[in-house]
Amino acid sequence: MRNGYEKWGRIVLLIASLGLATLWGIWDGFSPGQEQPRLPRVRKRCQVCHRAETIDWMQSRHARAWVSETFTQATNNRTRTECLHCHAPDRVLVTGFGKEPTLRTELQDHGVDCVGCHEDANEAHHGTLGTKPDEHAVVKNDRFGTVEMCATCHAKFGTVDEFKQTKWAAESPRACVTCHMPEVKRPIAVDKPVRTAHAHTFKGADPETFQKGVRVEATVSGDNLIVKLTSAEVGHNFPTGADLVVAIVDVRLISNGQESLKHQTLLANDAATGGADTRLKPGEVREITIPLQGKKGEAVIRVLHKYLRTLPDEKATVLFEMRKPVD
Ligand code: HEC
Ligand code: HEC
Ligand code: HEC
Ligand code: HEC
Ligand code: HEC
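Presented here is an overview of the structure given in this document.

Thresholds applied
Residues numbered from 1 in each chain as written. Chains lettered and ligands numbered in written order. Predicted model: local features only at pLDDT ≥ 70, side-chain atom pairs only at ≥ 80, totals over all residues. Near = placed C-beta within 6 Å. Nonpolar A, V, L, I, M, F, W, Y, C, P; charged D, E, K, R; others polar. Helix = DSSP H or I, 4+ residues; strand = E, 2+ residues; numbered from the N terminus. Contact = placed C-beta atoms within 7 Å. Buried ≥ 20, exposed ≤ 12 C-beta atoms within 10 Å, placed from the backbone. Core = buried A, V, L, I, M, F, W, Y, C linked by C-beta atoms within 7 Å.

**Some words on the site of ligand 2**
In step 1: Around ligand 2 sit 24 residues, and of these His50, Cys114, Cys117, Gly145 and Ala197 come closest.
In step 2: Tallied by class, the residues present in the shell around ligand 2 amount to twelve nonpolar, nine polar and three charged.

Rendered as structure tokens:
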């Protein structure tokens, strides 16, 4: 009899805790009565208290590093083992800044996640503010957010070497963060005071960031269209990163509703195959001259970006678009 009661007791407990778990699942991170987006449950559940950072991070490429269509293609469905560890890293504060991280096995879909960047071997979270929360240990770390930290994953394909040649490197060891994690005034945890915090969207190859960094102008001179690119506020090449990543200056002339001319200029690093590195260097002004062959109409000038050069143009990100009458 006693055994029977114990058994049922356990089952009831089990059902109750399953119910609670489901409730947690539904209410995780929600403040009742407010319409708020559903947040993913990240490792160690940072989202419960750090909502704003989580909402930012969800939109970032760091969050897509493992699941992105182009990464999936380039690694043959993530079977190329030499490619995986930076795209789903374990804690970089355990392996150490400047050393390639190790591949984690938990929640790989979350790519470069909060724990991967913030947590050390003692489960303390590093930052630069020096807060003293009750909820977890904090280590104030002045190397956190320096180029040395970003270099852990971003050095391998040249971005850090490119950066070191620029004036921004001379100005500040935190320049990657200055450009890619702009300051925002907001509470850094639910129900806490406003502080000077940092956007976690890590924007890069999107129209807004590109247009802040690179100026695109077009003029007609005689029978030529001249497209001029000026890299004014980019702390590295455009594009930067692995040589799989390319940009294209795509120009079409439309005459009487028909495409009468098409001209493409590839900005890419072909050094590995014995070709040239035609990426736009920091500070560089590049003029592309397109012969119009006497044709008239309207020129459509676009800058396209692809994370994988074999991706068809239709799937590229359009970083810039303008129209220019040619008559
Ligand atoms: C643990 C490895 C790792 C660390 C550390 C890291 N990154 Fe990244 N980062 C990545 C990976 C992987 C990607 C590519 C994501 C993808 O698949 O698009 C990336 C992409 C980016 C992008 C590209 C956004 C875009 O639009 O394409 C920016 C900007 C960026 N990181 C900035 C930083 C900065 C700034 C730091 C330092 C504070 C940093 N990262 C630290 C791994 C890392
Ligand atoms: C690619 C690395 C990276 C990832 C991923 C990342 N952070 Fe951060 N985080 C930083 C850096 C760098 C700073 C500090 C910037 C500074 O102080 O210069 C920071 C700062 C913070 C701060 C302090 C407030 C602020 O904005 O300065 C909090 C809180 C925080 N992060 C939480 C999170 C949470 C939660 C996640 C996941 C949803 C996350 N971070 C993901 C790099 C990262
Ligand atoms: C139960 C709530 C809670 C959880 C869960 C939580 N934190 Fe925090 N965290 C806080 C509070 C509260 C602060 C301090 C806020 C303040 O003083 O404004 C803080 C501060 C921070 C800071 C700032 C450190 C500094 O002073 O520079 C970072 C970074 C941080 N947390 C990262 C994380 C990460 C990453 C996770 C998940 C692995 C996490 N936290 C989980 C409540 C939490
Ligand atoms: C002066 C501002 C500035 C600095 C400093 C800077 N960046 Fe950028 N970054 C940009 C701009 C603008 C873009 C968009 C144009 C582009 O894609 O290159 C960009 C794009 C990126 C991208 C997406 C690249 C692509 O084309 O796919 C990555 C990754 C990146 N930055 C990482 C870094 C890292 C890591 C550092 C520090 C070593 C850094 N950036 C320093 C302005 C900056
Ligand atoms: C040392 C860390 C590291 C390793 C190892 C690594 N990557 Fe990446 N990967 C990055 C970073 C950082 C970026 C963002 C760079 C940028 O766009 O400037 C990136 C971006 C990419 C992108 C473009 C973004 C996307 O989601 O499509 C592809 C594709 C990619 N990597 C494929 C690979 C392949 C294939 C390998 C193995 C040959 C590999 N990576 C190994 C760090 C790494």
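**Quick notes on the environment of Ala268**
In step 1: On the secondary structure map, Ala268 appears in the loop between strand 8 (258-267) and strand 9 (285-291).
In step 2: Distance in space between the C-alpha atoms of Ala268 and Pro239 is 7.3 Å, their sequence separation being 29 residues.
In step 3: Here Ala268 is in contact with Asp243, Val246, Thr278, Arg279 and Arg309, once residues within four sequence places are set aside.

**Concerning helix 7 (residues 147-154)**
Since the α-helix packs 3.6 residues into each turn, any two residues three or four apart lie on the same face.
In step 1: Within helix 7, burial applies to Val147, Met149, Cys150, Thr152 and Cys153.
In step 2: Contact partners of the buried residues in helix 7: helix 5 (92-95), helix 8 (159-164) and helix 10 (175-180).

**Overview of the site of ligand 1**
In step 1: The local shell around ligand 1 holds 28 residues, among which Arg61, Ala65, Cys150, Cys153 and Gly204 are the closest.
In step 2: Among the secondary structure elements, those contributing two or more residues to the shell around ligand 1 are helix 3 (61-64), helix 6 (114-118), helix 7 and helix 10.
In step 3: Considering each element in turn, the shell around ligand 1 owes the most residues, five residues, to helix 7.
In step 4: Class assignment for the residues of the shell around ligand 1 results in 15 nonpolar, nine polar and four charged.

**Focus: the nonpolar core**
In step 1: The biggest cluster of nonpolar side chains holds 23 residues, and the ones touching the most others in it are Val214, Val227, Phe238, Ala247, Val251 and Leu267.
In step 2: Those elements that provide at least two residues to this core are strand 6 (224-231), strand 7 (246-255) and strand 10 (297-306).
In step 3: Among the elements that line this core, the one with the most residues is strand 7, at five residues.
In step 4: Ranked by size, the runner-up nonpolar core spans twelve residues in total, among them Phe71, Val112, Cys114 and Cys117.

**A few points about the environment of His136**
In step 1: Relative to the helices and strands, His136 is located in the loop between strand 1 (125-127) and strand 2 (138-140).
In step 2: Each C-alpha atom of the pair His136 and Glu123 lies 8.1 Å from the other, and the pair is 13 residues apart in sequence.

That's the geometry; what it means functionally is another story.
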